[in-house]
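Each chain, letter by letter, is given below.
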Amino acid sequence: MKHYRSINDIDNLSEWVKEARALKAAPKKFDALGEGKTICLLFFNNSLRTRLSTQKAAMNLGMDVMVMNFGNEGWTLEYGDGTVMNQGTSEHIKEAAQVVSQFCDVVAIRAFAKLEDKTRDEAEEVLTGFTKYTSIPIINMESSVAHPLQALADAITLAENKTTSKPKVVLSWAPHPKALPHAVANSFVTMMQLQEADFVITHPKGYELNPEITKECTIEYDQEKALENADFVYVKNWTSYSDYGKVLQQDSNWMMTAKKLGKAKFMHCLPVRRNVVVEDAVLDGGQSLVIEQANNRTYSAQIVLKKILESIK
Ligand code: CP
């Protein structure tokens, strides 16, 4: 595998989940694979889980790790071709990407959607620029439209906790005071389409995700109906896609409660706003899988890195 930019870069999801679970049981088994190899983690945005789990995964494989908070420590990048750079940008991605690639064998990048210009966000200019101007493998640590390391960790968590071969999994929108990107929801939906499940998305009208991504999915606007007999409930806020970047409503009736959850397991990628997105009783109760989801981020990153290292050996 050359790059891991999308969940669609996985050739066989169930096989990868199986291998990731084997790595979880023996994290250091392949600690010679990354010897003499360096990964550079570039963060244009904040992180807790992605930063620590990707670093841990690389260390488990024997790699050297360099981390840079590019967003507040690097030069402001220019992406356009032929731009006269007499405004705010200091360095072109053409040079920046080539310079970074001299120092490492793999580069992992986090660059969120700015939620100001849909076309520009969907172009994923940081990830696309690094892919275009370097020849080394690129890992997506959350871009404008996708968070495939999170979705792979979620697939591992589902596999560990499901008790039937075709569980009912509900992705439920939740209120939030800020407009949030679509990346987590997009990759979760794409991942769910790669496995056997009764999968339902529920959200208020106006919060439809990119129809290209959800075109095969069941969408139920009545949250109560959607949650009936659910085995897993994945909760996430996202901004409106059609009214891009806007908070259309913050109806607290969409917050996840223990009563609504019933017997289902609760999932969220974290960080989460307590008693806005989900009530304390859910997060503090025995049906919450959020801490294990975060733990599985290590094995999601580790299986991706293992595949890449095997391909560049
Ligand atoms: N879920 C997730 O990506 O967490 P961080 O933003 O803390 O990395």
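Since we're looking at a predicted model, the values are computed, not measured.

## As for the overall build of the protein chain
Line of reasoning, step 1. Within the protein chain one finds 13 helices and 11 strands.
Line of reasoning, step 2. Taken against the 2.2 N^0.38 rule, which gives 20 Å for 313 residues, the C-alpha radius of gyration of the protein chain at 20 Å falls within 12% of a compact globule.
Line of reasoning, step 3. Expressed as lengths along the three principal axes of its C-alpha atoms, the size of the protein chain is roughly 55 × 50 × 35 Å.
Line of reasoning, step 4. Residues classed as buried in the protein chain amount to 51% of the 313 residues present.
Line of reasoning, step 5. Across the protein chain, the fraction of contacts at a sequence separation of at least 24, relative to all contacts at a separation of at least 6, is 77%.
Line of reasoning, step 6. Of the side-chain charges in the protein chain, 36 are positive and 39 negative, and the distance between the mean point of each set is 4 Å.

## Details of a nonpolar patch on the surface
Line of reasoning, step 1. On the surface, Met66, Val99 and Phe103 cluster together to form a nonpolar patch covering roughly 270 Å² of accessible area.
Line of reasoning, step 2. Within the element layout of this structure, methionine 66 appears in strand S2 (residues 64-68).
Line of reasoning, step 3. For methionine 66, a relative accessible area of 35% corresponds to the partly exposed category.

## Overview of the sheet that holds strand S5 (residues 106-110)
Line of reasoning, step 1. What the 4 strands build is an open sheet, ordered S2-S1-S5-S6; its pairing is parallel. For this open sheet the edge positions go to S2 and strand S6 (138-140), each flanked by a neighbour on one side alone. With direction set aside, neighbouring strand axes in the sheet form an average angle of 20°.
Line of reasoning, step 2. As defined by bridge partners, S5 adjoins S6 across 3 bridges and the pair is classed as parallel. For alanine 108, the partnering residue across the bridge sits in S6 and is isoleucine 139.

## A closer look at the domain arrangement of the protein chain
Line of reasoning, step 1. Here the domain parsing of the protein chain yields domain 1 (7-145 + 297-312) and domain 2 (148-293).
Line of reasoning, step 2. In this complex, domain 1 contributes 31 residues to the contact, which on the side of domain 2 involves 32 residues.
Line of reasoning, step 3. Carbon and sulfur atoms supply 66% of the area that domain 1 and domain 2 bury against each other, a total of about 2,500 Å² over both sides.
Line of reasoning, step 4. On the domain 1 side of the interface with domain 2, the three residues burying the most area are Ile7, Leu115 and Arg297, jointly 28% of the side's total.

## Quick notes on the sheet that holds strand S9 (residues 218-219)
Line of reasoning, step 1. Strand order in this open sheet of 5 strands is S9-S8-S7-S10-S11, and the pairing throughout is parallel. Looking at the sheet topology across the chains shown, the edges are occupied by S9 and strand S11 (265-267).
Line of reasoning, step 2. Across 5 bridges, strand S7 (residues 168-173) lies against strand S8 (residues 198-202) in parallel orientation. Bridged to lysine 168 within S8 is aspartate 198.
Line of reasoning, step 3. Helix H7 (residues 148-161) contacts S7, strand S10 (232-236) and S11 of the sheet and is inclined by roughly 155° relative to S10.

## With respect to the site of the ligand
Line of reasoning, step 1. Within the structure, the ligand sits among Ser47, Leu48, Arg49, Thr50, Arg110, His147, Gln150, Cys269, Leu270 and Arg297.
Line of reasoning, step 2. The separation between an oxygen atom of the ligand and a polar side-chain atom of threonine 50 is 2.6 Å.
Line of reasoning, step 3. The contact in question runs from a nitrogen atom of the ligand to an N or O atom on the backbone of leucine 270, over 2.9 Å.
Line of reasoning, step 4. For the ligand, whose free accessible area comes to 260 Å², the fraction covered by protein is 93%.
Line of reasoning, step 5. Partitioned by chemical class, the residues of the shell around the ligand number 3 nonpolar, 4 polar and 3 charged.

## A look at helix H13 (residues 290-312)
Line of reasoning, step 1. Here H13 is 23 residues long and its end C-alpha atoms lie 34 Å apart, about the 33 Å a rise of 1.5 Å per residue gives.
Line of reasoning, step 2. Remark: the principal bend of H13, roughly 25°, maps to asparagine 296.

## Some details on the pattern of salt bridges
Line of reasoning, step 1. What the rule picks out here adds up to 13 salt bridges.
Line of reasoning, step 2. Between glutamate 19 and lysine 306 there is a salt bridge, with the nearest N and O atoms lying 3.8 Å from each other. Highlighted residues: glutamate 19 in helix H1 (residues 13-25) and lysine 306 in helix H13, separated in sequence by 287 residues.
Line of reasoning, step 3. For glutamate 142, the salt bridge identified is with arginine 110, shortest N-O distance 3.4 Å.

Parameters at a glance
Residues numbered from 1 in each chain as written. Predicted model: local features only at pLDDT ≥ 70, side-chain atom pairs only at ≥ 80, totals over all residues. Heavy atoms only, no water. Helix = DSSP H or I, 4+ residues; strand = E, 2+ residues; numbered from the N terminus. Rg over C-alpha atoms; globule rule 2.2 N^0.38 Å. Buried < 20%, exposed > 50% of the residue type's maximum accessible area, 1.4 Å probe, protein only. Contact = heavy atoms within 4.5 Å. Lys, Arg positive; Asp, Glu negative; His and termini not counted. Charge placed at Lys NZ, Arg CZ, Asp CG, Glu CD. Patch = residues over 30% accessible without salt bridge, like charges linked within 9 Å, V, L, I, M, F, W, Y side chains within 5 Å. Areas by Shrake-Rupley, 256 points an atom, 1.4 Å probe, with all protein chains shown as cover. Salt bridge = Lys/Arg side-chain N within 4 Å of Asp/Glu carboxyl O. Pairing = 2+ DSSP bridges. Axes fitted to C-alpha atoms, helices over the stretch in contact; angles between N-to-C directions. Domains from an automatic or database assignment. Buried area = accessible area lost by both parts, 1.4 Å probe. Near = heavy atom within 4 Å. Polar contact = N/O pair within 3.5 Å; in protein donor to acceptor, adjacent residues only side chain to side chain. Nonpolar A, V, L, I, M, F, W, Y, C, P; charged D, E, K, R; others polar. Expected span 1.5 Å × (residues − 1). Bend = angle between axes of the 7 residues up to and from the residue.

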